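Listed below, chain by chain, are the residues.
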Amino acid sequence: MTMLTRSLVSAIPFLRGFSSAATSFLKTGDILKRARIFTSEEVLDYSKVSHDSNPLHFNSESAQNAGFEDRVVHGMLVAALFPKIISSHFPGAIYVSQSLHFRSPVYIGEEIVGEVQAINIRGQKNRYLAKFKTACFKNGSVVIDGEAMAILPTLAVEEEKTL
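Participant: Please set out the environment of Tyr 46 residue by residue, giving values where relevant.
Facilitator: Topologically, Tyr 46 is positioned in helix α4 (residues 40-50). For Tyr 46, a relative accessible area of 24% puts it in the partly exposed group. C-alpha of Tyr 46 to C-alpha of Val 73: the two residues are 27 residues apart in sequence and 9.5 Å apart in space. In this structure Tyr 46 touches His 51, His 74, Met 76 and Leu 77, once residues within four positions along its chain are discounted.

Right under this line is the structure:
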C-alpha cells in the first residue's frame, strides 16, 4: 500500500472498519454464544421463583448421596441461557418452544457456554420463524442439548446488551 493510499484509507473512517460496522443478518448455520458461571445466590434465587427446593441444589451431602460430586445447578436455570442468547440479539423475539436433553450435571462455579445455531429460517409476513439447535457445554462436553423455535421481528443481529 502506498503512502497516499494509506493516508486516504485512514482519513475515511467507514473504510477502516467497514466489515465490522456492517449490519449482519441471521442465516442458516450461524451460531450465537454466551458464557456464564452460575453462583450459589442465583441457584437460591431460582429456587425461590420456581419453588424447586430439591436438596440436591443446596446440600452437598444430599447431592453426593445421590451420586453427584457436589450441589447441582437447576437444569432449567442452565437452559435459560438459550432464550437469553436469542433475546439479547433479537429484542422483541418471542420464544415459542424448546426441547431439552440433560446430559450431565452442572455444578455451582463452573463455566458453561450456551450456544444456539440457526438451522431453519422462514419468513412469515413481517416476522421470521427461526429454528435453532441448542447446546450448553462444560469444558467442551455437552451438558444440555435440544432445539428451540422463536419468532424474530428481524434477521438483523444486534450486538448483545447486558442488563
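Participant: Now, about the pairing of strand β4 (residues 111-124): what can you tell me, with residues and values included?
Facilitator: Of the pairings in the sheet, the one linking strand β2 (residues 31-37) to β4 comprises seven bridges and is antiparallel in character. Bridge assignment links Lys 33 to a residue of β4, and that residue is Glu 115. Relative to strand β5 (residues 127-138), β4 runs antiparallel, the two sharing 11 bridges. Within β5, the residue paired with Val 116 across the bridge is Thr 134. Taking the residues between adjacent antiparallel strands as the criterion, β4 and β5 are bridged by two residues, where Lys 125 takes a positive phi near 55°.

Participant: Outline the pattern of salt bridges, listing residues and values.
Facilitator: Inspection of the entire model under this criterion finds six salt bridges. A salt bridge links Arg 103 to Asp 145; its shortest N-O distance comes to 3.0 Å. Pair noted here: Arg 103 is in the loop between β3 (94-102) and β4 and Asp 145 is in strand β6 (residues 141-152), with a separation of 42 residues, a long-range link.

Participant: Can you break down the sheet that holds β5 residue by residue, with the values?
Facilitator: Reading across from one edge, β2-β4-β5-β6-β3 is the order of the five strands in this open sheet, with antiparallel pairing throughout. Whereas interior strands pair on both sides, the edge strands pair on one side only; in this sheet they are β2 and β3. Taken pair by pair, the neighbouring strands of this sheet meet at an average axis angle of 20°, ignoring direction. Helix α7 (residues 81-89) contacts β2, β3, β4, β5 and β6 of the sheet and is inclined by roughly 55° relative to β4.

Rules of the game
Residues numbered from 1 in each chain as written. Predicted model: local features only at pLDDT ≥ 70, side-chain atom pairs only at ≥ 80, totals over all residues. Heavy atoms only, no water. Helix = DSSP H or I, 4+ residues; strand = E, 2+ residues; numbered from the N terminus. Buried < 20%, exposed > 50% of the residue type's maximum accessible area, 1.4 Å probe, protein only. Contact = heavy atoms within 4.5 Å. Pairing = 2+ DSSP bridges. Salt bridge = Lys/Arg side-chain N within 4 Å of Asp/Glu carboxyl O. Axes fitted to C-alpha atoms, helices over the stretch in contact; angles between N-to-C directions.

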